[in-house]
Amino acid sequence: MEVKMKSPSESQTEQTYLMRPCYLNGYGNLFGGQLMSWIDEIASIVAMRHSESDITTAAIDNLNFKQGATVDDVIVLRGKITYVGKTSMEVRVDTYVENRKGIRKVINRAYLVMVAVDEHHHPVKVPGLLLQTEAEKAEWEGGEKRYLLRKQRRMEGF
């Protein structure tokens, strides 16, 4: 069975949240664990849409907190596929604070590795990635480098 190619835009996902007190840490900022949960959820949806199968999180490769968020901020998470292997997908999730005029400022960027699985939790092939823009091609090249670094770390026992 041949697996078709898909563009990153076919699985791109965006989710918006209104910051509430229950999402805050003791310092009055967005609790990092809450954000990590949202990031994993968005990445999962992106990967399910791309692979058309169940998925599991294999790694959170990179997670950079750039700025906090507080009560009544609007938080926007946007996820997209950046790189695919045979059974795995790299998903980039950007998190923004959006002001009342709709202007967004990046507060977090994460790269996650998701694996497509069947009903027995065995890895299955995923569609290839149809790269249409220079930005998508640049993300792919970065994904290749991150893949090789992850592979090297595994060999070194990390």
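Residues numbered from 1 in each chain as written. Predicted model: local features only at pLDDT ≥ 70, side-chain atom pairs only at ≥ 80, totals over all residues. Heavy atoms only, no water.

Draft legend 1. Here's a closer look at the overall build of the chain. A count of helical and extended segments in the chain gives 2 helices and 7 strands. The linear arrangement of helices and strands in the chain, starting from the amino end, is β-β-α-β-β-β-β-β-α. Computed over the C-alpha atoms, the radius of gyration of the chain is 16 Å, within 12% of the 15 Å expected from 2.2 N^0.38 for a compact globule of 158 residues. Summarising its shape, the C-alpha atoms of the chain cover approximately 50 × 35 × 30 Å along the three principal directions. For the chain, the residues scored as buried account for 39% of the 158 residues in total. Contacts in the chain between residues far apart in sequence, at least 24 positions, make up 71% of those at least 6 positions apart. Distance between charge centres in the chain, computed from 22 positive and 21 negative side chains, equals 4 Å. (Helix = DSSP H or I, 4+ residues; strand = E, 2+ residues; numbered from the N terminus. Rg over C-alpha atoms; globule rule 2.2 N^0.38 Å. Buried < 20%, exposed > 50% of the residue type's maximum accessible area, 1.4 Å probe, protein only. Contact = heavy atoms within 4.5 Å. Lys, Arg positive; Asp, Glu negative; His and termini not counted. Charge placed at Lys NZ, Arg CZ, Asp CG, Glu CD.)

Draft legend 2. Representation of the nonpolar core within the structure. Ranked by size, the top nonpolar core spans 28 residues in total, and within it Trp 38, Ile 75, Leu 77, Met 89, Val 91, Val 93 and Met 114 carry the most contacts. Going through the elements one at a time, helix H1 (32-51), strand E4 (74-84), strand E5 (88-98) and strand E6 (104-117) are the ones with two or more residues in this core. Of the residues forming this core, the biggest block, 7 residues, is contributed by H1. In this structure, Trp 38 is in contact with Tyr 17, Tyr 23, Leu 30, Ile 75 and Leu 77, ignoring residues within four places of it in sequence. (Core = buried A, V, L, I, M, F, W, Y, C linked by side-chain atoms within 4.5 Å.)

Draft legend 3. The arrangement of helix H2 (residues 134-155) in detail. Compared with an ideal rise of 1.5 Å per residue, which puts 22 residues at 32 Å, H2 spans 32 Å between its outermost C-alpha atoms and is within 8% of the ideal. Where H2 terminates, the next one or two residues include Gly 157, which has phi positive at roughly 90°. (Expected span 1.5 Å × (residues − 1).)

Draft legend 4. Layout of the sheet that holds strand E3 (residues 54-65). Taken together, 5 strands build an open sheet; the order of strands is E2-E4-E5-E6-E3 and the sheet is antiparallel. If you trace the sheet from one side to the other, it starts and ends with strand E2 (13-18) and E3, each paired once. Averaged over all neighbouring strand pairs, the angle between strand axes comes to 25°, with direction disregarded. Across 6 bridges, E2 lies against E4 in antiparallel orientation. Residue pairing in the sheet places Thr 13 in a bridge with Gly 79 of E4. Along the sheet, H1 makes contact with E2, E3, E4, E5 and E6, crossing E4 at roughly 45°. Lying on the sheet, H2 is in contact with E3, E4, E5 and E6; it crosses E4 at an angle near 80°. (Pairing = 2+ DSSP bridges. Axes fitted to C-alpha atoms, helices over the stretch in contact; angles between N-to-C directions.)

What is shown is where atoms sit, not what they do.
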